[in-house]
Structures are given as C-alpha cells and as structure tokens.
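Architecture and fold: a report
So you can see what is in the structure, the chains are spelled out below.
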Amino acid sequence: MLGPIFVLKLKWQPRDFARKMVAELWLYPNGDRIFELSTKCLPSEAFDVAAEAKVFLSENGIDLSGEQQTKTRTALEFFSGELAGD
C-alpha cells in the first residue's frame, strides 16, 4: 500500500577519511529524491567525527547547505498524500 521506493545503497571506505561511510539515494515515484551520507562513531566521538566529516565532505565538493530531512518521515508524508489524493 505504501511504496515502493527504489533505494540505492553503497558502503565504502573513502580515501583520506578514517571512517567507513554509507551513501543512500532514495528515488520516489514522482521523481523526487533524497541523498544521505552517513558514518558511525561512539556517542563520545560525535562532535569530533561530525566536524571531521564536514571538513572532508566540503573539501571534496559536497554542498552541505541543503535542506535537512529524514527519509522515513518524507516517505510517510509522500505516501499518505498519495492515499489522500493530494
């Protein structure tokens, strides 16, 4: 009833970055898409790792100024709108 959403997912170890990363591209039936990059760390490392990741991504041409949104909430809003006929 809700779906499908086509998702491409890649796990890799970037050069010049000490942590593994995950990239996900969610492709919605209407052509909208969400792209997410993530990495993991211990809670005590969160601020340092976030700062390191921000520098790494910026140095590699990734624009960090885009609107932030969660994939699950966006998917639920999209499909609930489809069911309501919006």
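For the structure, see preceding data.
Below is a short write-up of the structure.

Each value, and the rule that gives it
- Residue numbers run consecutively from 1 along every chain, following the written order of its sequence.
- Reporting of local features is limited, given that this is a predicted model, to residues whose pLDDT is at least 70; pairs of side-chain atoms are given and counted only at 80 or more, and all residues count toward the totals for whole chains, interfaces and linings.
- Computation of side-chain values covers all heavy atoms of the structure but excludes hydrogens and water.
- Secondary structure elements follow DSSP: runs of H or I of four or more residues count as helices, runs of E of two or more count as strands, with numbering from the N terminus.
- The contact rule is simple, with two residues in contact once any of their heavy atoms fall within 4.5 Å.
- Pairing between two strands is assigned when DSSP locates at least 2 bridges connecting them.
- Orientation is described by axes fitted as lines to C-alpha atoms, over the contacting stretch for helices, and by angles from 0 to 180 degrees between their N-to-C directions.
- Centre distance within 6.5 Å is the pairing criterion for rings of Phe, Tyr and Trp, where only the six-membered ring of Trp is used; planes under 30 degrees apart are then read as stacked, over 60 as edge-to-face, and the remainder as tilted.
- When a residue's accessible area, from a 1.4 Å probe over protein chains only, is under 20% of the maximum for its type it is buried; when over 50% it is exposed; and in between it is partly exposed.
- Here a polar contact is recorded for every N or O atom pair within 3.5 Å, except that within protein the pair must consist of a potential hydrogen donor and a potential acceptor, and residues adjacent in sequence are included only if both atoms are side-chain atoms.

Along the backbone of the protein there are 2 helices and 3 strands. Shown N-terminal to C-terminal, the secondary structure of the protein runs as helices and strands in the order β-β-β-α-α. For the protein, the spread of C-alpha atoms along the three principal axes comes to 45 × 25 × 20 Å. Residue pairs at least 24 apart in sequence account for 37% of intrachain contacts in the protein once pairs closer than 6 positions are excluded.

It is worth spelling out the sheet that holds strand E2 (residues 21-27) at this point. Overall, antiparallel pairing links the 3 strands, which are arranged E1-E2-E3 in an open sheet. Since the sheet does not close on itself, it has two edges, and those belong to strand E1 (6-12) and strand E3 (33-38), each with one partner. With strand direction ignored, the average angle separating the axes of adjacent strands in the sheet is 10 degrees. Two elements, E1 and E2, share 7 bridges in a ladder whose sense is antiparallel. Counted as the bridge partner of Trp-12 is Met-21 from E2.

Below, the discussion takes up the packing of aromatic side chains. In the structure shown here, the tally under the stated rule is 3 aromatic pairs. Taking 4.8 Å as the distance between ring centres and 85 degrees as the angle between the ring planes, the aromatic pair formed by Phe-78 and Phe-79 counts as edge-to-face. No difference in accessibility class separates Phe-78 from Phe-79, as the two residues are buried. These aromatic residues form a ring-pair network of at least three members: Tyr-28, Phe-78 and Phe-79.

Below, the discussion takes up the environment of Arg-19. Structurally, Arg-19 is set in the loop between E1 and E2. Its relative accessible area of 22% is what places Arg-19 among the partly exposed residues. For Arg-19 and Leu-57, which are 38 residues apart along the polypeptide, the C-alpha to C-alpha distance reads 13 Å. Residues within four places of Arg-19 in sequence aside, it is in contact with Gln-13, Pro-14, Thr-39, Lys-40, Cys-41, Glu-45 and Val-49. Among the polar contacts listed, one links the side chain of Arg-19 to the backbone oxygen of Lys-40, at a separation of 3.2 Å.

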